[in-house]
Amino acid sequence: MTWMAKWSGGFPLYLDRARGNRVWDVDGHEYVDFALGDTAAMAGHSPEPTVQAIDARIAGSGGLTTMLPTADAEWVAGELHRRFGLPLWSFTLTATDANRWALRLARLATGRPKVLTFAYSYHGSVDEAFAVPGPDGVAVARAGNVGPPVPLDLTTRVAEFNDLAGVEAQLAVGDVAAVLTEPALTNIGIVLPEPGFHQGLRELATRYGALLIIDETHTFSAGAGGATGAWGLRPDMLVIGKSIGGGVPSGAYGITTDVARLLAAHPEADLVDVGGIGGTLAGNALSVAAMRATLEQVLTEQAFAGMIARATRFTAGVRGVVEGTGIPWSVAQVGARSEYRFTAPAPRTGSASAAAADEGLDEYLHLYLANRGILITPFHNMALMCPATSDEDVDLHTRLFSDAVGELVAGTTR
Ligand SMILES: Cc1ncc(COP(=O)(O)O)c(C=O)c1O
């Protein structure tokens, strides 16, 4: 993948093996892994229960992909219902696909053409979501967008995160099928919602007839029920992917019975064959077996309690260094994930966070840490805890981060 070449230092480390929160490269170096596959490995690398379930399906019962549902699928859907509150689920192989299909369904359900997204959000390779506000707040493609099929303002309305007045101005036009958002932006640093933002968003979506789609792909870090469970959100549709399969390609989207009713009013729509919803391998037996084992035995309530405690320790360590040196950086946490950003106070919109990007600082810190045995997420400064992450791993990061910042400050003040 092209993005694998973008690791700091000019070349990627080549993977030899990985287990828990440890990665070994082909030169034999061991790393404490806080990148965890940018959340896809939040369960840790090759967690034993998931490995056993995969093995049982591959080497035991067989039937990796058959076009037939399994009992695991029913269990996983029930568990997602229990955790996130939405009763009806479909499976995908990626979060990107879950978002794409959710958007199609939202357009069908509402009869409206557009999606409202937030500036500098990321929801996978979803055409409609690569928008930033242009002149007069009209959506334009964000820099670097590859081959947009149509101008972004035909498909998308865009607002700034935490700006309810801006959201209302866009929704009031009356052509938005769905608001698509993460509970906190996590792909432009972490931008946390301000008090009342989600309640306002829910109210505005309802008032103006748009569905609310919450993408929990990264914010699943907030707890066993994601931020939806932890913060009491009430989405009409919910998307999740990456970590729920313990590393096996898996994704899912859930809908409420109200949305199901709206969809049922369209018997002309082909929801099962070539209508644009679904993929041949979606919901395959291997993927749902991995989801079941991961949810049932690895990413449990108890595991999240430990992961969140580690992330709280990580955040406190970073904050201590930042405050101790007086550098104008900030740190934000969503459950088991923590991220620092080169601006203070913490940015409240995606655009403000984008303006604080500094590739040189990213490169310096990533390389400093990698050379001393720690990996954090490429492209930004995110650290994620898995069940295997220990206090000692966190403290190692705090020590090295302190050294890196100390050398930086000494260098700039010399
Ligand atoms: C919030 C969010 N949604 C969806 C995706 C897409 O996930 P995938 O690349 O696995 O399709 C990502 C990827 O980073 C993401 O951060």
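Residues numbered from 1 in each chain as written. Predicted model: local features only at pLDDT ≥ 70, side-chain atom pairs only at ≥ 80, totals over all residues. Heavy atoms only, no water.

What follows concerns the packing of helix α1 (residues 48-61) against helix α8 (residues 285-298). Look at α1 against α8: their axes get within 8 Å of each other, and the N-to-C directions meet at 150 degrees. When the axes of α1 and α8 are compared, the pair comes out roughly antiparallel. As α1 packs across α8, the resulting crossing turns out to be right-handed. Contact residues: Pro49, Thr50, Ala53, Ile54, Arg57 and Ile58 in α1; Ala285, Leu286, Ala289, Ala290, Ala293, Thr294, Gln297 and Val298 in α8. Tallied by class, residues from the contact of α1 with α8 come to 10 nonpolar, 3 polar and 1 charged. (Axes fitted to C-alpha atoms, helices over the stretch in contact; angles between N-to-C directions. Helix = DSSP H or I, 4+ residues; strand = E, 2+ residues; numbered from the N terminus. Parallel < 35°, antiparallel > 145°, perpendicular 65-115°, else oblique. Left-handed = near helix turned anticlockwise from the far one by under 90°. Contact = heavy atoms within 4.5 Å. Nonpolar A, V, L, I, M, F, W, Y, C, P; charged D, E, K, R; others polar.)

Detailed reading of the predicted coordinates is not advisable wherever pLDDT falls low. Within the protein chain, residue pLDDT values average 96, and 99% of them lie at 70 or more. For the protein chain, the element scoring lowest by mean pLDDT is helix α12 (residues 391-413), at 92; strand β10 (residues 211-215) scores highest, at 99. (pLDDT = per-residue confidence, 0-100.)

Through backbone hydrogen bonds, the strands of a sheet pair up, either in parallel or in antiparallel fashion. Here we have 4 strands laid out as an open sheet, ordered β1-β2-β3-β15, and mixed in their pairing. Both edges of this open sheet fall to β1 (15-19) and β15 (374-375), since each of them pairs with a single strand only. Bridge count between strand β2 (residues 22-25) and strand β3 (residues 30-33): 3 bridges; the pairing is antiparallel. The partner of valine 23 across the bridge, within β3, is tyrosine 31. (Pairing = 2+ DSSP bridges.)

Spatially, 7 strands are ordered β4-β12-β11-β10-β9-β5-β8 in an open sheet, and the strand pairing comes out mixed. At either end of the open sheet lies a strand with only one pairing partner, and these are β4 (88-92) and β8 (156-159). Taking the axes of each pair of neighbouring strands and ignoring which way they run, one obtains an average angle of 20 degrees across the sheet. With 4 bridges connecting them, strand β9 (residues 176-181) and β10 associate as parallel partners. The residue of β10 that forms the bridge with valine 179 is leucine 212. Across the sheet, helix α2 (residues 71-84) is in contact with β4, β11 (237-240) and β12 (251-255); its angle to β4 comes to roughly 120 degrees.

This part covers the nonpolar core. Judged by nonpolar contacts, the single largest core of 55 residues is most densely connected at Phe34, Trp89, Phe220, Trp329, Tyr340, Met385 and Phe401. Breaking this core down by element, the ones donating at least two residues are α2, β4, β11, α8, α9 (301-325), α11 (359-370), β16 (382-384) and α12. Per-element accounting of this core gives the leading share, 8 residues, to α9. Contacts of tryptophan 329, omitting those with residues within four sequence positions, involve Val322, Arg341, Phe342, Thr343, Ala344, Leu361, Leu365, Phe401, Val405 and Leu408. One finds Trp101, Leu105, Val126 and Val259 within the second-largest nonpolar core, a separate group that totals 23 residues. (Core = buried A, V, L, I, M, F, W, Y, C linked by side-chain atoms within 4.5 Å. Buried < 20%, exposed > 50% of the residue type's maximum accessible area, 1.4 Å probe, protein only.)

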